[in-house]
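# Reading the structure
Below, each chain spelled out in residue letters.
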Amino acid sequence: MANFTKATGIKDWLNQRLAIEKVEKVIASEYWIPKNINFLWAMGMILVFTFKMLLISGIFLMMYYQPSVEQAFDSVNYTIMREVDFGWLWRHVHAVASSVTFLIMYIHMFTGIYYGSYKKGREMIWISGMLLFITFSAAAFSGYMLPWGQMSYWAGMVITNIFSLGGLHMDGLVEWIRGDYVPAQAFLTRFYMLHVLLLPLAIIGLMGLHFAALRIPHVNNQDGEEIDFDAEAKKYLDGDKKGSKVMRFANDFLSKDMMVLGIFLIFFFYLVFFNYGFALDPVNMDKADGLITPKHIYPEWYFLWSYEILRPFSTNVGLIAFGFAQVIYLFLPWLDRSSNAVAASRRGKFKIWFWVLLIDMIVLTAMGKLPPEGIFSTIGLVAALVFIALWIILPFITMNEKKV
Ligand code: HEM
């Protein structure tokens, strides 16, 4: 038993039992952040904010949502949108936050790629980040099923069909996932459970892992400078705050984060009140009907790039290309053979690789939304081939990169 003394106050009482001063130092006042980072390093905090918005709005939506194939559609489009006071507001917040989370996640990922923030002890940050991306994708997909509209039903059908693995005809696996021959009540109930319980829990756990993975290597910086964090932290604590290359996470860096978050909030609430339509598909305003297939089935914008990698090929080749696209980002820390954790602008061929990849992802996204006809299907095919080629050549172009 530890030696407890009479506490001088509540803080001291808690400190003796929970070591709150030590915890506060580890996660805030002695969590050192480099000074030379720009607004792109605020994206992580914005993601924490959008996730909180998803949780809060989701809890309000759950109070009226009915997970049954007879009532789900009306509970969303009638009860929540028309009958419940401000139900529309929570739905707009939830839909916009889910879409914007992906936008910020892509910016955050590409910032990491641009600055090489997945190297030299930061691999675990990257892996946990990618696991967050995959879990968020599963959460978005399962949430999309819940209003039980035409797009929910048919996107559910198309995506679960992927598990038949083309020529392998694993139809039993598809039925096992659906709990039925077609999406029906068992399907809706299990996706509801995944969306409101299992996946949010997994996301919270993975966020913990992501933050823990950041603690030892610290965040990278825009100059790719190798900072001696212990020496710089000592300088700061000894009073040379100006000369030190680092600052405290709280409240120094946090105040910078809050500035970027403030600007983001203007954009976020502009979308919630005036431009929410992009996050709510009009086809999903019709109730699910297993007898009427929509003319053109497409996923939400953030899945379009990987959908476009599946589409231009024959079934089996398309599935292999799609599987490749889903996992390849995870291996980035090992496919990039250079040890330079600096901005892509200083990395010769990698700079070209980075911009071609980014533009290719945008082209794939644009083509994924259009019907696969004529010139669009040719552009889609070329963009899909470029995507695969880019990842195959990456180890070769980075192998002999000059040390900067
Ligand atoms: C909701 C999901 C996520 C949250 C809440 C989150 C949060 C954060 C935070 C707070 C930071 C530190 C500050 C910053 O650089 O922004 C960070 C850094 C980082 N995250 Fe994420 N992140 C998420 C998803 C991802 C994804 C999808 C990836 C990509 C694989 C990723 C990769 C990274 C990397 C590489 C860093 C280190 C940046 C550096 O060292 O400069 N994160 N994340």
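Note that the coordinates shown come from a computational prediction; the quantities given were computed from them, not determined experimentally. Throughout this document, residue positions are counted from 1 along each chain, in the order its sequence is written. Where totals are concerned, whole chains, interfaces and linings use all residues; where local detail is concerned, this predicted model gives features only for residues with pLDDT of at least 70, and gives and counts side-chain atom pairs only at 80 or more.

### Examining the overall build of the chain
Selection rule: The helix count covers DSSP runs of H or I at least four residues long, the strand count covers runs of E at least two residues long, and both are numbered beginning at the N terminus. Only C-alpha atoms enter the radius of gyration, while the globule expectation follows 2.2 Å times N to the 0.38, with N the number of residues. C-beta atoms are placed from the backbone for every residue, and two residues are taken to be in contact when these atoms lie within 7 Å.
In terms of regular secondary structure, the chain is built from 16 helices and two strands. Over its C-alpha atoms the chain spans a radius of gyration of 24 Å, differing by no more than 12% from the 22 Å that the globule rule assigns to 404 residues. Along the first, second and third principal axes, the C-alpha atoms of the chain reach 75 × 60 × 45 Å. In the chain, the share of contacts with a sequence separation of at least 24, taken over all contacts with a separation of at least 6, comes to 75%.

### Quick notes on the environment of K245
Our working rule: To sort residues by burial, count the other C-beta atoms lying within 10 Å of each one's C-beta; a count of 20 or more means buried, 12 or fewer means exposed, and anything in between means partly exposed. C-beta atoms are built from the backbone.
Tracing the sequence through the fold places K245 in the loop between α10 (229-237) and β2 (246-248). Accessibility expressed as a C-beta count within 10 Å gives 18 for K245, which makes it partly exposed. For the pair K245 and E24, spaced 221 residues apart in sequence, the C-alpha to C-alpha distance is 21 Å. Excluding anything up to four places from it in sequence, K245 contacts P34, K35, I227 and E232.

### A short note on the site of the ligand
This is how it is decided: Proximity of a residue to a molecule or strand is defined by its backbone-placed C-beta atom lying within 6 Å of that partner.
Neighbouring residues of the ligand: 26 residues in total, closest G44, G112, S117, G129 and N220. Of all the elements in the fold, those that place two or more residues in the shell around the ligand are α3 (43-62), α5 (87-115), α6 (123-145) and α9 (185-215).

### A closer look at unusual backbone geometry
A negative phi angle characterises most non-glycine residues, just as the trans form characterises most peptide bonds. Of the consecutive residues A250 and N251, the connecting peptide bond is found in the cis state with omega at 0 degrees. Among the structural elements, N251 can be located in helix α11 (residues 249-274). At L165, a residue that is not glycine, the phi angle is positive and equals roughly 50 degrees. In this structure, L165 sits in the loop between α7 (150-161) and α8 (171-178). Look at L165 and you get partly exposed, because 17 C-beta atoms sit within 10 Å. In this structure, H218 is a non-glycine residue whose phi angle is positive, near 65 degrees. Along the chain, H218 turns up in the loop between α9 and α10.

### Regarding the nonpolar core
Here is the rule: To form a nonpolar core, buried Ala, Val, Leu, Ile, Met, Phe, Trp, Tyr and Cys residues must be joined through C-beta atoms within 7 Å.
Judged by nonpolar contacts, the single largest core of 42 residues is most densely connected at A72, V96, L146, W148 and L188. At the level of elements, α3, α4 (72-83), α5, α6, α7, α9 and α11 are the ones that each hand at least two residues to this core. Non-local contacts of L146, meaning those with residues more than four positions away in its chain, are made with Y65, A72, S152, Y192 and H195. One finds Y307, I309, A321 and A383 within the second-largest nonpolar core, a separate group that totals 13 residues.

### Overview of the packing of helix α15 (residues 349-369) against helix α16 (residues 374-399)
To keep it simple, the criterion reads: Axis lines are fitted through C-alpha atoms, for helices just across the contact stretch, and the angle between N-to-C directions can take any value from 0 to 180 degrees. An angle below 35 degrees is treated as roughly parallel, one above 145 as roughly antiparallel, one from 65 to 115 as roughly perpendicular, and anything else as oblique. Helix crossings fall into two classes, left-handed where the near helix is turned counterclockwise from the far one by less than a right angle and right-handed where it is turned clockwise. Following the grouping adopted for this structure description, the nonpolar residues are Ala, Val, Leu, Ile, Met, Phe, Trp, Tyr, Cys and Pro, the charged ones are Asp, Glu, Lys and Arg, and the polar ones are all others, Gly among them.
Where α15 meets α16, the closest approach of the two axes is 9 Å, and the angle between their N-to-C directions is 155 degrees. Considered as vectors, α15 and α16 are oriented roughly antiparallel to each other. Between α15 and α16 lies a crossing of left-handed hand. On α16, the residues that touch K349, F350, W353, V356, L357, D360, V363, L364 and M367 of α15 are F376, I379, G380, A383, A384, V386, F387, L390, L394, I397 and T398. Residues that form the contact of α15 with α16 fall into these classes: 16 nonpolar, two polar and two charged.

### Concerning α7
Worth spelling out the cut-off: Any helix carries an expected span of 1.5 Å times its number of residues minus one.
With twelve residues, α7 should reach 16 Å at 1.5 Å per residue; the first-to-last C-alpha distance of 16 Å fits that figure. Where α7 is concerned, the buried positions are Q150, M151, S152, Y153, W154, A155 and G156. Looking at the packing, one finds that the buried side of α7 touches α6 and α9.

### Focus on the domain arrangement of the chain
Often the size quoted for an interface is simply the accessible area lost on bringing the parts together. Going by this rule: Where each domain begins and ends is defined by an automated method or by a domain database.
Under the domain assignment, the chain is made up of domain 1 (24-297) and domain 2 (301-404). Computed over C-alpha atoms only, the centres of domain 1 and domain 2 are separated by 22 Å. Secondary structure elements with two or more residues in the side of domain 1 that touches domain 2: α5 and α6. Classifying every residue of the side of domain 1 that touches domain 2 gives eleven nonpolar, eight polar and three charged.

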